[in-house]
Amino acid sequence: MKPLICQSCGFPFTAETRGTNRDGTKNNDYCINCYKNGEFTDHHLTMHELERRYLEMAQEHNEISLEEARQIIRTLPDLKRWKMTNLL
Ligand SMILES: [Zn+2]
């Protein structure tokens, strides 16, 4: 199975960390951190907020490298969740 990329946060996830639909089935588009029981866990999340979080993760917590953070940030505008807002 090829790695899944969350269409909200842009982070890779596995079959075990897939989000869940309202009917309890797994969702292949979003990870469990972003999507639970058929809705986004954080309704107020914006792409810019995500950018900020990734840079913080890289700079302050060293969970990912700055290069990784930048790579993920570059992919955000193409993700399903954020594409729609570009049309509005
Ligand atoms: Zn996610």
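Residues numbered from 1 in each chain as written. Predicted model: local features only at pLDDT ≥ 70, side-chain atom pairs only at ≥ 80, totals over all residues. Heavy atoms only, no water.

- An unreviewed UniProt entry lists the protein under the name Putative zinc ribbon domain-containing protein, with Salinimicrobium catena as the source organism.

Thoughts on the overall build of the protein
Move 1: Secondary structure summary: the protein contains three helices and six strands in total.
Move 2: For the protein, the α and β elements follow one another from N to C terminus as β-β-β-β-β-β-α-α-α.
Move 3: Relative to its length of 88 residues, the protein is compact, with a C-alpha radius of gyration of 13 Å against a globular reference of 12 Å.
Move 4: Summarising its shape, the C-alpha atoms of the protein cover approximately 40 × 35 × 20 Å along the three principal directions.
Move 5: For the protein, buried positions account for 34% of its 88 residues.
Move 6: Intrachain contacts of the protein at a sequence separation of at least 6 include 37% that bridge at least 24 residues.
Move 7: With an accessible surface of roughly 6,000 Å², the protein has 53% of that area assigned to carbon and sulfur atoms. (Helix = DSSP H or I, 4+ residues; strand = E, 2+ residues; numbered from the N terminus. Rg over C-alpha atoms; globule rule 2.2 N^0.38 Å. Buried < 20%, exposed > 50% of the residue type's maximum accessible area, 1.4 Å probe, protein only. Contact = heavy atoms within 4.5 Å. Areas by Shrake-Rupley, 256 points an atom, 1.4 Å probe, with all protein chains shown as cover.)

Describing the packing of aromatic side chains
Move 1: Using the criterion set out here, one finds four aromatic pairs in the structure.
Move 2: When the ring of Phe11 is compared with that of Tyr54, the centres are 6.1 Å apart and the planes differ by 10°; the resulting orientation is stacked. Here the residue Phe11 occupies a position in the loop between β1 (4-5) and β2 (12-13), and Tyr54 occupies one in helix α1 (residues 47-59), the gap between them amounting to 43 residues.
Move 3: Note on Phe11: relative accessible area 31%, which makes it partly exposed.
Move 4: Taking the relative accessible area as the measure of exposure, Tyr54 reaches 5% and is therefore buried.
Move 5: Stacked on the ring of Phe40, the Lys or Arg Arg81 has its end atom at 3.8 Å from the ring centre. (Phe/Tyr/Trp six-rings, centres within 6.5 Å; stacked < 30°, edge-to-face > 60°. Lys NZ or Arg CZ within 6 Å of the ring centre and 35° of its normal.)

Looking at the layout of surface pockets
In this approach a probe as big as a water molecule rolls over the atoms, and the regions it shows empty are the leftover space.
Move 1: Considered as a void within the structure, the largest pocket measures approximately 300 Å³ in volume.
Move 2: Elements that contribute at least two residues to the lining of the largest pocket include exactly β2 and α1.
Move 3: Considering each element in turn, the lining of the largest pocket owes the most residues, four residues, to α1.
Move 4: Class assignment for the residues of the lining of the largest pocket results in 11 nonpolar, three polar and two charged. (1 Å grid on protein atoms, 1.4 Å probe; cavity = no way out; pocket = protein on both sides within 12 Å on 5 of 7 lines; lining within 4 Å. Points joined across faces, edges and corners; volume = space filled by probe spheres on them. Nonpolar A, V, L, I, M, F, W, Y, C, P; charged D, E, K, R; others polar.)

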